[in-house]
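# A closer look at the structure
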Amino acid sequence: MHKISISLAALLAAIATPVLAQTVAITNARILTVGPAGDIPQGTIVLQGGKIASVGANVSIPAGARIIDAKGGTVTPGFVAANTLLGAVEVRSLGDDLSVNNPDIGAAFDVQYALNPASTLIPVARLSGITRAIVTPSSAGAGENDFHADDGESADQYTAGSGGGSPSHALFAGQAAVIHLGEGADILMKPKVGMVVPFGDGGAHVAGGARGAEIVALKAAFRDVRDYMRNRAAYDRAGVRDLALSKNDLEALIPVVEGRMPIIASVHKVADIRAVLKFAREERVKVILNGAEEGWMAAAEIATAGVPVLVNPLSDRPESFQMLGSSLENAAKLHAAGVTLAIEGQGGAHRVRELRYNAGNAVAYGMPYHAALAAVTLNPARIFGVADKIGSLEPGKDADLVIWTADPFEPLSQATAVFIRGESQPMTSRQLELRDRYKTLGGAYPEGYSR
């Protein structure tokens, strides 16, 4: 029996080991490390055990390594897409797993529990060089799509609830998570990386119709959380005053008031941005601005506060009165002021693949190239607390990287290989498979069909 157990363990190890433990050497590549090594005009990067083993112009290749000739192509870190829906939505008309309208669950809502690794949107994003993503819930009752604008479509596709007069739980959309886009049953990388809160028109809607009402309600909610933290035992025996939030929400907000979890604040108008900065300063909480289309007007204030921004460089249309100052130069001006930026894709799901195009457009309107590259790699990793594992090509980090035919910000460039945690990913998607199935109409019928 003992020998059988050892043999079984050895077999399982043999099955589990080869993919992640495979040693790969990518040679003859222009490597943009986004790390201390900088740009390497012609170099080699070695992947071993799912990690980056070495990178440089003169790197020894281990015996037995699989060698991939990049043929002068460009190697970058895998892109990190901020503010997405990946793994939580498929066909919008059938609903999603991004919002909740439950009086006992607001801040406690956690997207990690309904992630779908089989989503057909994941391979599409992966083919565009995206290897990790931050999945953010949407506000139920904000009355507008404050978090995921995709081609100007209706907010009703994402939100639910009536808004005005909503109870305190509706102030919080829930907790975001970081995922990887590799194949496998578990795509969760890190949960609870931020608490999503709508501000501006969306926040006013859930608070009863006025912006000031939301700030007052948020301050009251945070007072309740602090009271709860001091009197947990009394709460359990109903020995404290009535609190507006459920126990689940109170517990979920403890990391926020303690400064361990940032608020992801959806905000657009410059006046609202300043209100968020003031609120964060007074409550001593961390905050990430999402949207900030008029952020360039308060760029110095945002930089001084040390607040990072998730920005869509193509958001330049005044789609509402809170975006009248939108500008294609927003990203460039925020960067020039010293703000840490993460660039978003176009929408959070079906067009998130356009992340690299958005970065290219940011460069076209004044953002330095390497700053834009950092804004889709290392910066989002830093903002969401995973830069020790991803975001740059450095020894010891997860082997997330992409081989490109040329400059990844050029639309005609294509990814020829994608690695996530050292594992080579399939370079296909449902769309490509459908194309190939029907490309030649005179052949045999696909399996499952009959004449």
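Structure report, in brief.

The rules behind each value
- Residues numbered from 1 in each chain as written.
- Predicted model: local features only at pLDDT ≥ 70, side-chain atom pairs only at ≥ 80, totals over all residues.
- Heavy atoms only, no water.
- Pairing = 2+ DSSP bridges.
- Helix = DSSP H or I, 4+ residues; strand = E, 2+ residues; numbered from the N terminus.
- Axes fitted to C-alpha atoms, helices over the stretch in contact; angles between N-to-C directions.
- Core = buried A, V, L, I, M, F, W, Y, C linked by side-chain atoms within 4.5 Å.
- Buried < 20%, exposed > 50% of the residue type's maximum accessible area, 1.4 Å probe, protein only.
- Contact = heavy atoms within 4.5 Å.
- Phe/Tyr/Trp six-rings, centres within 6.5 Å; stacked < 30°, edge-to-face > 60°.

### Quick look at the sheet that holds strand E13 (residues 341-343)
The strand order across the open sheet built from eight strands is E6-E7-E8-E9-E10-E11-E12-E13, with neighbouring strands paired in mixed fashion. On the outer flanks of this sheet lie strand E6 (79-84) and E13, each paired with one strand and no other. Strand-to-strand twist across the sheet, computed as the mean angle between neighbouring axes with direction ignored, equals 25 degrees. The pairing of E6 with strand E7 (residues 130-135) spans four bridges and is classified as parallel. Note that in E7 the partner of Thr 84 across the bridge is Val 135.

### Here's the deal with the nonpolar core
Formed by 105 residues in total, the largest nonpolar core has its most connected members in Phe 172, Phe 222, Ile 263, Leu 289, Ile 343 and Met 367. Not counting the four nearest positions on each side in its chain, Leu 289 is found in contact with Ala 265, Val 267, Ile 273, Val 276, Ile 302, Val 307, Pro 308, Val 309 and Leu 310. Counting residues in each nonpolar core, the second largest holds 18 residues, with Leu 47, Leu 393, Leu 401 and Ile 403 among its members.

### A closer look at the environment of Ile 105
With respect to the helices and strands, Ile 105 occurs in the loop between E6 and helix H2 (121-127). In the structure, Ile 105 is positioned 69 residues away from Gly 174 in sequence and 8.4 Å away in space, judged by C-alpha atoms. Sequence-distant contacts of Ile 105, that is, excluding residues within four places in its chain, are made with Val 100, His 169 and Asp 249.

### Considering the packing of aromatic side chains
For the structure shown, the criterion picks out five aromatic pairs. Between the aromatic rings of Phe 172 and Phe 222, the centroid separation amounts to 6.4 Å while the plane-to-plane angle is 10 degrees, which identifies the pairing as stacked. Here the residue Phe 172 occupies a position in the loop between E7 and strand E8 (174-180), and Phe 222 occupies one in helix H4 (residues 211-230), the gap between them amounting to 50 residues. Both residues of the pair, Phe 172 and Phe 222, count as buried. Seen in terms of ring centroids, Tyr 369 and Phe 409 are 5.0 Å apart; in terms of plane orientation they differ by 45 degrees. Their pairing is tilted.

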